[in-house]
Amino acid sequence: MTTHASNQSPLPAHAANLIDRFARHDATIGVVGLGYVGLPLVRALHDGGFRVIGYDIDQRKIDDLRAGRAYLKHLGEELVRALAGSNRFTPTADPAQLRECDAVVLCVPTPLDAHEQPDLSFVEQSTRMVASVLKKGALVSLESTSYPGTTREVCGAILEEEGFTIGVDAFLAFSPEREDPGRTTHETRTITRLVGGVEPISTRVAAAMYAQAVDRVVEVESAEVAEAAKLLENIYRAVNIALVNELKPVLTSMGIDIWSVIKAASTKPFGFQAFYPGPGLGGHCIPIDPFYLSYKAREFGHRTRFIELAGEINSTMPHWVVERVMLALNDEGKALRGSRVLMLGIAYKKDIDDVRETPAAEIATRLNELGAIVSYHDPHVGEFPSMRKYQLDMKSVALDEATLKDADCVLIVTDHGAVDYALVGAHARLVVDTRDAMARVIEKGVRVAARVVKA
């Protein structure tokens, strides 16, 4: 199903041909970047009947896909095994193979640099690579979140440098990814897809492709509208999470449980949506994407004060958590220095292995700096990976009675479903809980011997 935002007009030959080939599934689609966004898209396009070429510069991912090995555990083994056994999927690290593609979708990172400025180097490099091999009449679609104007000003300029005329012999659109790793209620196919081209014909061409892979496509007026919509989605979450994170220490000082307050407010059937506090923001989207709009707004003489304040509040939460650990140990007559702190969960959200921008990295670093002896258990992350700002040489330890009894403090950072919180409650002495996980155990009637402090 496709919802159109504009009136239809006659199509140039390349566009008509491409739309017809999409409808007949007689097209080859390239996906550049086979990570948390690209690999689910590969599945959706492949299930939609297309031949798909998956490109990544990481040869290990290519080798894993060829062998049917899952490197993104939350997607499961079945996905990669199905792709490995298909004659319609080709993983490659060779850009030349993208010459065969009728459309190429860019799913590459858009991080912030050391000064919290947008880093579009991956978008620029991948667009130049694709432009050097792109055949006439093909579509390029960007899915990487960025500020409004990126698709037109960055990708469009590069394609034109290579001699393409957009809307005539090449088509360019933005279609924001809406992946939520670990969520089981939706998948790429069932999530409504926004599509905005840099001109109307590109919108129609891109929508025709996505319509074969997802249930509902909504065409919007321009690439800039689609870019801004994605930013609004993430800013909405960042600001509301910041609100409850700001209230958490305030209500804690008043002796009021923020979780109980949210539960009470959630009984209202309109005008309220529950957001939950935590140890800080993680993942590639919410901690990063809002600052892309802040950056672009300054170019037009505006300050985005809500965005900046939300970022400031959310970035302070790891330090508040460390303070709560310190005070909780103090109440036990122990200094943080020399105390053994066992962190439960380092992924940025429950039941996945994704540690991008995880607040656990800042918490562990700060605890180490203050002299604590830090270890962690995460059933999904066996080794703390090297990160942009953090180098933590740590491996997951077993979660058993001996480990829990040895810890002076157990700090719940991520509430993975695979963790036995009843075991934690039975054998830990002190638990600092940032996710309200122990309350859910107590609600089930399980006796908790540990002293539990909410953070």
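Residues numbered from 1 in each chain as written. Predicted model: local features only at pLDDT ≥ 70, side-chain atom pairs only at ≥ 80, totals over all residues. Heavy atoms only, no water.

Engineer: Requested: an account of the sheet that holds strand S11 (residues 373-377), with residues and values cited.
Structural biologist: The parallel open sheet is built from five strands, whose spatial order is S11-S10-S12-S13-S14. Edge positions in the open sheet fall to S11 and strand S14 (451-454), since each of these has one partner strand only. Sheet twist, expressed as the average angle between the axes of neighbouring strands with direction ignored, equals 25°. (Pairing = 2+ DSSP bridges. Helix = DSSP H or I, 4+ residues; strand = E, 2+ residues; numbered from the N terminus. Axes fitted to C-alpha atoms, helices over the stretch in contact; angles between N-to-C directions.)

Engineer: Any chance you could break down the nonpolar core for me, citing the residues and the numbers?
Structural biologist: Note on soluble globular proteins: their nonpolar side chains tend to be buried together. Membership of the largest hydrophobic core comes to 43 residues, with the highest contact counts inside it found for Phe22, Ile29, Leu39 and Leu139. Those elements that provide at least two residues to this core are helix H1 (13-23), strand S2 (28-32), helix H2 (38-47), helix H3 (59-67), helix H4 (77-84), strand S5 (103-106), strand S7 (170-174) and helix H7 (200-210). Sorting elements by how many residues they give to this core places H7 first, with seven residues. Excluding residues within four positions of it along the chain, leucine 139 makes contact with Leu18, Phe22, Asp102, Ala103, Val104, Phe171, Leu172, Val205, Ala206 and Met209. With 41 residues, the next largest nonpolar core counts Ala131, Leu134, Leu142 and Val198 among its residues. (Core = buried A, V, L, I, M, F, W, Y, C linked by side-chain atoms within 4.5 Å. Buried < 20%, exposed > 50% of the residue type's maximum accessible area, 1.4 Å probe, protein only. Contact = heavy atoms within 4.5 Å.)

Engineer: Can you break down empty space enclosed by the protein residue by residue, with the values?
Structural biologist: One water molecule sets the probe size; rolling that probe over the atoms shows where empty space is left. Throughout the structure, instances matching the rule amount to one cavity of 30 Å³ or more. Space inside the largest cavity adds up to approximately 60 Å³. Looking at side-chain class alone, the lining of the largest cavity contains three nonpolar, two polar and four charged residues. (1 Å grid on protein atoms, 1.4 Å probe; cavity = no way out; pocket = protein on both sides within 12 Å on 5 of 7 lines; lining within 4 Å. Points joined across faces, edges and corners; volume = space filled by probe spheres on them. Nonpolar A, V, L, I, M, F, W, Y, C, P; charged D, E, K, R; others polar.)

Engineer: Give a detailed account of the packing of aromatic side chains, specifying residues and quantitative values.
Structural biologist: With the rule as written, the count across this model stands at six aromatic pairs. Ring geometry for phenylalanine 22 and phenylalanine 50: centres 6.0 Å apart, planes at 85°, overall edge-to-face. With a gap of 28 residues between them, phenylalanine 22 in helix H1 and phenylalanine 50 in the loop between H2 and strand S3 (51-55) connect regions that are remote in the sequence. For the pair phenylalanine 22 and phenylalanine 50, a shared accessibility class is recorded, and that class is buried. (Phe/Tyr/Trp six-rings, centres within 6.5 Å; stacked < 30°, edge-to-face > 60°.)

Engineer: Break down the side chain of asparagine 245 for me, citing the residues and quoting the values.
Structural biologist: Within the fold, asparagine 245 resides in helix H8 (residues 223-253). Since its relative accessible area comes to 1%, asparagine 245 is described here as buried. In contact with asparagine 245, other than residues within four places in its own chain, are Pro277, Gly278, Ile313, Asn314 and Met317.

Engineer: Give me the lowdown on the layout of surface pockets, citing residues and values where you can.
Structural biologist: Considered as a void within the structure, the second largest pocket measures approximately 240 Å³ in volume. Surrounding the second largest pocket, 15 residues form its lining, Arg43, Leu75, Arg183, His186 and Glu187 being those nearest its centre. Counted by class, the lining of the second largest pocket contains five nonpolar, five polar and five charged residues.

Engineer: Can you break down the pattern of salt bridges residue by residue, with the values?
Structural biologist: Per the stated rule, a full pass over the model turns up 32 salt bridges. Of the charged contacts, one joins aspartate 64 and arginine 69 as a salt bridge, the two residues approaching to 2.8 Å between their closest N and O atoms. When its relative accessible area of 17% is taken as the criterion, aspartate 64 is described as buried. The class for arginine 69 is partly exposed, based on a relative accessible area of 42%. Among the salt bridges present, the one from aspartate 408 reaches lysine 334, with a minimum N-O distance of 2.8 Å. Taken together, the residues span a long stretch of sequence, with aspartate 408 in the loop between helix H13 (401-406) and strand S12 (409-412) and lysine 334 in the loop between helix H11 (305-331) and strand S10 (340-344) at a distance of 74 residues. Classification of aspartate 408 as buried rests on a relative accessible area of 13%. Put simply, Asp20, Arg21, Arg24, Asp26, Asp102 and Lys135 are held in one network by salt bridges that share partners. (Salt bridge = Lys/Arg side-chain N within 4 Å of Asp/Glu carboxyl O.)

Engineer: A description of the packing of H8 against H11 should follow, citing residues and the corresponding values.
Structural biologist: Contact geometry of H8 with H11 gives a least axis separation of 8 Å together with a crossing angle of 45°. Judged on the interaxial angle alone, H11 and H8 are oblique. As for how H8 packs across H11, the hand of that crossing is left-handed. On H11, the residues that touch Ile235, Ala238, Val239, Ile241, Ala242, Asn245, Glu246, Lys248, Pro249 and Thr252 of H8 are Phe306, Ile307, Ala310, Ile313, Asn314, Met317, Trp320 and Arg324. Here the contact of H8 with H11 is built from residues that sort into twelve nonpolar, three polar and three charged. (Parallel < 35°, antiparallel > 145°, perpendicular 65-115°, else oblique. Left-handed = near helix turned anticlockwise from the far one by under 90°.)

Engineer: Can you break down helix H5 (residues 121-133) residue by residue, with the values?
Structural biologist: With 13 residues, H5 extends 19 Å from end C-alpha to end C-alpha; this agrees with the ideal 18 Å at 1.5 Å per step. Here H5 has its buried residues at Val123, Ser126, Thr127, Met129, Val130, Ala131 and Val133. Residues of H5 that are buried make contact with S2, S3, S5, strand S6 (138-142) and helix H6 (150-161). (Expected span 1.5 Å × (residues − 1).)

Engineer: Which residues make up the pairing of S5, and what are the values?
Structural biologist: Of the two faces of S5, the one carrying Ala103 and Val105 and the one carrying Val104 and Leu106 are both buried. The sheet contact formed by S2 and S5 spans four bridges and is parallel. From the neighbouring strand, glycine 30 faces S5, where its bridge partner is valine 104. Pairing of S5 with S6 involves four bridges; the strand directions are parallel. Looking across to S6, one finds that alanine 103 is bridged to leucine 139. Crossover handedness for the path S5 to H5 to S6: right-handed. (Right-handed = clockwise from strand over helix to strand, strands pointing away.)

Engineer: Describe in detail the packing of helix H10 (residues 290-299) against H11, supporting the description with residues and values.
Structural biologist: Here H10 crosses H11 at 140°, and the two axes come no closer than 9 Å. Between H10 and H11, the crossing angle belongs to the class labelled oblique. For the element pair H10 and H11, the recorded crossing hand is left-handed. Residues Pro290, Phe291, Leu293, Ser294 and Arg298 of H10 pack against Ile307, Glu308 and Gly311 of H11. Here the residues of the contact of H10 with H11 are counted per class, giving four nonpolar, two polar and two charged.

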